[in-house]
Amino acid sequence: MRTRSDRLGLGLASVVALGVIVGCGVIGISGCGAPQSATAVEPAPAEETGGVDGRPDDLDDNSAFDARDDIEAAGDAGQWTTGGGHGGLDDRDEDSAFDADDYAEVAGESGEWNTGDEAPVVEGTAPGFAADEYVLPPSSEPPRDPRVPAGDLDPEEPPQRDDVVQQVAEPPVEPVPTEQREGQIRLYWDYHGLTQQNNPPRVAAGHPLLEGAVVQSPWPLIEPRRGEFDFTVLEAEIAWWAEQGKEVIIRSGVLGRGSMGGLTPEWVYEEGVPAVEFHARPKDTEPMRLPRVWDSDLFLLLYEEYVSALAERYDGDPRVAYVWIGAGHLGLTTANASRGARTALPEAGWSVELWEAYLMDVIDVYAQHFVDTPTLLAATPVWLRQYSGEYIVEPMQRVANHAAGAGASLMLKGLDPDAEVYRETPFSEMLDSLADRQLPENFTLFMGDDWPIWSPPERRDRYPHEADRDLDGFRRSLRTALSEWDRLGRRCDLVLTLLHPEITASNPDHDDHVPQVEYLLNEFLDGGLDPLEAADPPQPGGESSRQPAV
């Protein structure tokens, strides 16, 4: 498991000699002088280098040789290129990111692998990079990026963490290529509850269109005390859905308050994880308490113990279709969208860079423990109120690619009837960044929202912001989902997640059945027909033009 310092901390020697990563690009910096010629140095003893199989050493003391080592080693090798989209290392195989295969090509141009003989290396190589692990041509020199004037970075005054935005994510390892199939459309219900609390699943009993449901796995409920796990409530929920012939998605909330109370166990703070408290809204009388997950390796250690126990119980369980990667507020990628968090979290040390690193750490934790059951990451268009939409496009692209590289599917929480509102999210850019890559074998695109995308008239009267979530708005939301699926060439399944109003309205056995809603969902599920081009739905009390799918 990588720590926060692994992801965010290159040492001063690495920053000066090898370069600073800014945004998505790589800026080579030679220090305060002209490039130096390669000179021979004494090879370090093998036990001090950590290099294996003739590969460059793990320069940042991470758990393995990774993309950051690729970048540092390529800088040492004297082979910077500028074809990587943002002036970074070239992506030789037209993959979504620079990776080890690209580095192999770079190494082939600038030197050769060596498995034991002494050889010249670049002077100033970061500690631990042994001379007997990489060979440079005699004439090679470490270049200076012409875009950065020599001496712009004073080696005696290292940049502050907030002044240097580093690409914290290593490019994900590509899955073994498989033939990309054309996907299907499925329907799940995300009902935000547990049977034992309010009995909500009964409204979906016998629903002919529903494939499964999202069930909650609150951390405090499962692990009320550290190391003591109780799956009784969750198991009863999963078993009930299995009896209905439905699959489940296990969702773990981590931060904030859900329908069943706080989502972080109190004992986490007692173990020493620092907290931040604030009033989410001015009228709130009780403060919200959150663990400072962005700068606490202890939190990640404690959370991994829970994920490990969950995986030991349910990884490979045929009743469980996916496991939701619980990261931020209610298990989403949001840190917190409240007004109070806007100032409280940054004052407690939160930053975009640290949050991005934390999200990737959590993705890695789930990937390590869930081997047989697919996982999914639920993305939202807001990290904090001031960090949303276009301000987090590139971080969200990196997070989405990292998740896909770890084998996770992607859920986009932000479907809206207003196409202009939806276009303000970073979702389309995220999908574009995945469009040209080989998707994981079980990759699924989930589309939905935390508000209903169809609401009955009485609810629209009560909640003015749902005024456009009528039948026409429902059509437009379905069309947006299809358009986003098209960005991936329909090479994966598309899952639409709905809430209580749409589920009851589309269930012919429920008292609140609305034939028009059922009809439009049938058109949507039947091969992805464009709902805007479908025939007018039947009037209330009329018959649907097609029989519900069985």
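It should be noted that the structure appears before, not after, this text.
First, a word on what this report is: a plain description of the structure on this page. Just so it is clear, the structure is predicted and the values come from calculations on it, not from any experiment.

What follows deals with the overall build of the chain. In terms of regular secondary structure, the chain is built from 19 helices and 18 strands. Put simply, the chain has 550 residues, and 55% of those count as buried. Pairs at least 24 apart in sequence give 74% of the contacts found in the chain among residues at least 6 apart. Per element, the accessible surface of the chain, about 23200 Å² overall, is 47% carbon and sulfur.

All right, on to the side chain of Ser-506 then. Mapped onto the fold, Ser-506 is located in the loop between helix H18 (500-505) and helix H19 (515-525). Separated by 2.9 Å, the side chains of Ser-506 and His-207 make a polar contact. Among all residues touching Ser-506, those that are not within four sequence positions of it are His-207, Leu-209, His-513, Val-517, Glu-518 and Leu-521.

If you trace the eight strands once around the closed barrel, you get S5-S6-S7-S12-S13-S16-S17-S18, paired in parallel fashion. In this sheet, neighbouring strand axes are inclined to one another by 25 degrees on average, regardless of whether the strands run parallel or antiparallel. Note: strand S5 (residues 185-190) against strand S6 (residues 212-216), three bridges, orientation parallel. Bridging across to S6, Trp-189 finds its partner in Ala-213.

What follows concerns the pairing of strand S10 (residues 275-278). Here S10 shows one buried face, formed by Val-276 and Phe-278, and one open face, formed by Ala-275 and Glu-277. Across four bridges, the pairing between S10 and strand S11 (residues 288-291) is antiparallel. Across the sheet, residue Val-276 finds its bridge partner in S11, namely Leu-290.

A cluster of basic residues, Lys-283, Arg-339, Arg-342 and Arg-385, forms a positive patch at the surface. Mapping Arg-385 onto the fold places it in the loop between strand S14 (382-384) and strand S15 (387-388).

On to the layout of surface pockets. Empty pockets left among the atoms are what a rolling probe the size of a water molecule brings to light. Taken as a whole, the largest pocket spans an internal volume of roughly 1300 Å³. Contributing to the lining of the largest pocket are 40 residues, with His-329, Leu-330, Ala-337, Asp-450 and Trp-451 lying nearest its centre. Those elements that provide at least two residues to the lining of the largest pocket are strand S8 (257-258) and helix H14 (419-423). In terms of residue class, the lining of the largest pocket is made up of 13 nonpolar, 16 polar and eleven charged.

Once that is clear, we can look at the environment of Pro-220. Note on placement: Pro-220 falls in helix H7 (residues 219-222). Once the C-alpha coordinates of Pro-220 and Glu-266 are considered, the two residues, 46 residues apart in sequence, prove to be 7.9 Å apart. Residue contacts for Pro-220: discarding those within four places in its chain leaves Gly-262, Leu-263, Thr-264 and Pro-265.

With that settled, consider the nonpolar core. By size, the foremost hydrophobic cluster in this structure holds 105 residues, and its most contacted members are Trp-241, Leu-345, Trp-355 and Leu-412. Ile-249, Leu-332, Leu-376 and Phe-446 belong to the second largest nonpolar core, which has twelve residues in total.

The phi dihedral of Leu-330 falls on the positive side, at around 55 degrees, and the residue is not glycine. Inspection of the secondary structure puts Leu-330 in the loop between strand S12 (320-324) and helix H11 (341-347). The exposure class assigned to Leu-330 is partly exposed, which follows from its relative accessible area of 24%. A positive phi angle, close to 55 degrees, is found at Arg-490, a residue other than glycine.

What follows deals with the packing of helix H10 (residues 297-314) against helix H12 (residues 352-369). For the pair H10 and H12, the least separation of the axes is 9 Å and the interaxial angle reads 30 degrees. The angle between H10 and H12 falls in the class roughly parallel. In this structure, H10 meets H12 at a crossing whose hand is right-handed. Counting all contacts with H10, which are made through Phe-299, Leu-300, Tyr-303, Glu-304, Val-307, Ser-308 and Ala-311, the residues of H12 involved are Tyr-358, Asp-361, Val-362, Val-365, Tyr-366, Gln-368 and His-369.

A few words now on helix H8 (residues 232-243). Taking 1.5 Å of rise per residue, the twelve residues of H8 would be expected to cover 16 Å, and the 17 Å separating its terminal C-alpha atoms lies within 8% of that figure. After H8 finishes, the residue Gly-245 shows a positive phi value of roughly 75 degrees.

For the rest of this paragraph, the subject is helix H13 (residues 393-405). Compared with the 18 Å implied by 1.5 Å per residue over 13 residues, the 18 Å span of H13 between its first and last C-alpha is a close match. Most of H13 is tucked away: ten of the 13 residues are buried. For H13, the complete set of buried residues consists of Val-393, Pro-395, Met-396, Arg-398, Val-399, Ala-400, Asn-401, His-402, Ala-403 and Ala-404. Just past H13, the residue Gly-407 takes up positive phi, approximately 90 degrees.

Take the pairing of S5 next. Counted residue by residue, S5 has six buried out of six residues, so it is predominantly covered. Residues Ile-185, Leu-187 and Trp-189 line one face of S5 and the alternating positions Arg-186, Tyr-188 and Asp-190 line the opposite face, and both faces are buried. For S5 and strand S18 (residues 493-498), the ladder comprises five bridges, and the chain directions are parallel. Bridged to Ile-185 within S18 is Leu-494.

Turning our attention to the packing of helix H17 (residues 471-487) against H19. To describe two helices that pack against each other, one gives the angle between their axes and the distance between the axes. H19 packs onto H17 with a crossing angle of 15 degrees between their chain directions and a minimal axis gap of 11 Å. Taken together, H17 and H19 sit at an angle that is classed as roughly parallel. You can see that H17 and H19 cross each other, and the crossing is right-handed. Between H17 and H19, the contacting residues are Leu-471, Phe-474, Arg-475, Leu-478, Ala-481 and Leu-482 on the first element and Gln-516, Val-517, Leu-520, Leu-521 and Phe-524 on the second.

Procedures and definitions
- Residues numbered from 1 in each chain as written.
- Predicted model: local features only at pLDDT ≥ 70, side-chain atom pairs only at ≥ 80, totals over all residues.
- Heavy atoms only, no water.
- Helix = DSSP H or I, 4+ residues; strand = E, 2+ residues; numbered from the N terminus.
- Buried < 20%, exposed > 50% of the residue type's maximum accessible area, 1.4 Å probe, protein only.
- Contact = heavy atoms within 4.5 Å.
- Areas by Shrake-Rupley, 256 points an atom, 1.4 Å probe, with all protein chains shown as cover.
- Polar contact = N/O pair within 3.5 Å; in protein donor to acceptor, adjacent residues only side chain to side chain.
- Pairing = 2+ DSSP bridges.
- Axes fitted to C-alpha atoms, helices over the stretch in contact; angles between N-to-C directions.
- Patch = residues over 30% accessible without salt bridge, like charges linked within 9 Å, V, L, I, M, F, W, Y side chains within 5 Å.
- Salt bridge = Lys/Arg side-chain N within 4 Å of Asp/Glu carboxyl O.
- Lys, Arg positive; Asp, Glu negative; His and termini not counted.
- Charge placed at Lys NZ, Arg CZ, Asp CG, Glu CD.
- 1 Å grid on protein atoms, 1.4 Å probe; cavity = no way out; pocket = protein on both sides within 12 Å on 5 of 7 lines; lining within 4 Å.
- Points joined across faces, edges and corners; volume = space filled by probe spheres on them.
- Nonpolar A, V, L, I, M, F, W, Y, C, P; charged D, E, K, R; others polar.
- Core = buried A, V, L, I, M, F, W, Y, C linked by side-chain atoms within 4.5 Å.
- Parallel < 35°, antiparallel > 145°, perpendicular 65-115°, else oblique.
- Left-handed = near helix turned anticlockwise from the far one by under 90°.
- Expected span 1.5 Å × (residues − 1).

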